[in-house]
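# Structural overview
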Amino acid sequence: MANDQTTKNEQVVSDDIDVVAGEAEQVLEAKAEEVVNADAAKNDEQGPAVDELSKQLVAAQQEAADLKEQVLRAAADVQNVRRRAEQDVEKAHKFALDKFVNEMLPIVDSLERTLEACNVDDEATKSLREGVEMTHGMFISGLAKFKVERIDPQGEVFDPVLHQAMSLVDAPDAQPNTVVAVMQKGYTLNGRLVRPAMVMVSKS
């Protein structure tokens, strides 16, 4: 009798455990479903925000690249302006005497013409010639100190950059296209032509 009662009690306990286990399983399933639904909802909410942040990041990177390019261009422009300014200053220093030299050259020409007109054997003009030669030499030396160089191309090949042909002449003793006479000497200042030499050139 006692055994039957024990068996019944055990059956009741087993049934109760099954009920409790079933209820617990249902609760766990419900909780799991809530978590899954919550995660899905969270992902749905975060999706647009992540997309928006990604777009903003791409836009910021593009803006940074554009600004970097603008800075590089501005730096290059500044460098070019500085280089041009330095070149202008250098040219101003090198060729500041250009007008002055042009004013002095006619004086040198006059002295040279005077020397040509003076007879070397004439005692009356000997002292005059010596004085003019000294003055002419001082002028040439003074100009040379300021990088003014004379172009005297007698017997050289004609150079249209430095020489100005006044006429073509027959010169059997000279090579074709050769300077046979210098009517007026030319000059350069720091390598730049101030006045071309006026010359007569042999025909080809």
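Structural data are supplied above this passage.
Report follows, based on the coordinates. All figures in this text were calculated on a predicted structure; none of them were measured in a lab.

Pairing is mixed in the open sheet, where three strands are placed in the order 2-6-3. Each edge of the sheet is formed by a strand with only one pairing partner; in this case those strands are strand 2 (163-169) and strand 3 (179-184). In this sheet, adjacent strand axes meet at a mean angle of 30 degrees when their direction is disregarded.

Moving on, we come to the environment of L162. Structurally, the position occupied by L162 is in the loop between strand 1 (148-151) and strand 2. Residue classification places L162 among the partly exposed positions, given a relative accessible area of 28%. C-alpha separation for the pair L162 and M198, spaced 36 residues apart in sequence, amounts to 9.2 Å. Among all residues touching L162, those that are not within four sequence positions of it are I151, L193, P196 and A197.

Relative to strand 5 (residues 192-195), strand 4 (residues 186-189) runs antiparallel, the two being bridged by three bridges. Within strand 5, the position partnered with T188 by the bridge is L193. In textbook terms, the turn of a hairpin is the stretch between consecutive antiparallel strands, and for strand 4 and strand 5 this stretch comprises two residues, one of which, N190, has a positive phi near 55 degrees.

Our focus in this paragraph is the pattern of salt bridges. All chains considered together, the criterion is met by seven salt bridges. Here R150 ties to E112 by a salt bridge, and the two come within 3.4 Å at their closest N and O atoms. In this pair, R150 sits in strand 1 while E112 sits in helix 2 (residues 98-117), placing the two residues 38 residues apart along the sequence. Classification of R150 by relative accessible area gives partly exposed; the value is 40%. The closest approach of N and O atoms between K185 and E112, which form a salt bridge, is 3.7 Å.

Right, let's talk about the pairing of strand 6 (residues 197-202) for a bit. With six bridges connecting them, strand 2 and strand 6 associate as parallel partners. Its bridge partner lying in strand 6, H163 is registered against A197. One ladder, built from four bridges, connects strand 3 with strand 6; its direction is antiparallel. Note on strand 6: the bridge partner recorded for Q184 is M198.

With 23 residues, helix 3 (residues 123-145) should reach 33 Å at 1.5 Å per residue; the first-to-last C-alpha distance of 34 Å fits that figure. Restricting attention to buried positions, one finds in helix 3 the residues T125, R129, V132, H136 and L143. Of the residues trailing helix 3, K147 is marked for its positive phi of about 65 degrees.

In this structure, F95, V101, L105, V108, L143, V148, Y187, L189 and V194 together form the largest nonpolar core, which totals nine residues. Broken down by secondary-structure element, the contributors of at least two residues to this core are helix 2 and strand 4. In terms of residue count, helix 2 provides more of this core than any other element does, three residues in total. Setting aside chain neighbours within four positions, we find Y187 in contact with L105, V108, E112, I140, V148, E149, R150, I151, R192, L193, V194 and R195. Membership of the second largest hydrophobic core comes to six residues, among which are F158, V179, A197 and V199.

Turning our attention to the sheet that holds strand 4. If you walk across this open sheet you meet the three strands as 1-4-5, and the pairing is antiparallel. Of all strands in the sheet, those with a lone pairing partner are strand 1 and strand 5, marking the two edges. Neighbour-to-neighbour, the strand axes of this sheet turn through a mean angle of 35 degrees, independent of strand direction. Helix 2 rests against strand 1, strand 4 and strand 5 of the sheet, and its axis sits at about 50 degrees to strand 5.

The rules behind the values
- Residues numbered from 1 in each chain as written.
- Predicted model: local features only at pLDDT ≥ 70, side-chain atom pairs only at ≥ 80, totals over all residues.
- Heavy atoms only, no water.
- Pairing = 2+ DSSP bridges.
- Helix = DSSP H or I, 4+ residues; strand = E, 2+ residues; numbered from the N terminus.
- Axes fitted to C-alpha atoms, helices over the stretch in contact; angles between N-to-C directions.
- Buried < 20%, exposed > 50% of the residue type's maximum accessible area, 1.4 Å probe, protein only.
- Contact = heavy atoms within 4.5 Å.
- Salt bridge = Lys/Arg side-chain N within 4 Å of Asp/Glu carboxyl O.
- Expected span 1.5 Å × (residues − 1).
- Core = buried A, V, L, I, M, F, W, Y, C linked by side-chain atoms within 4.5 Å.

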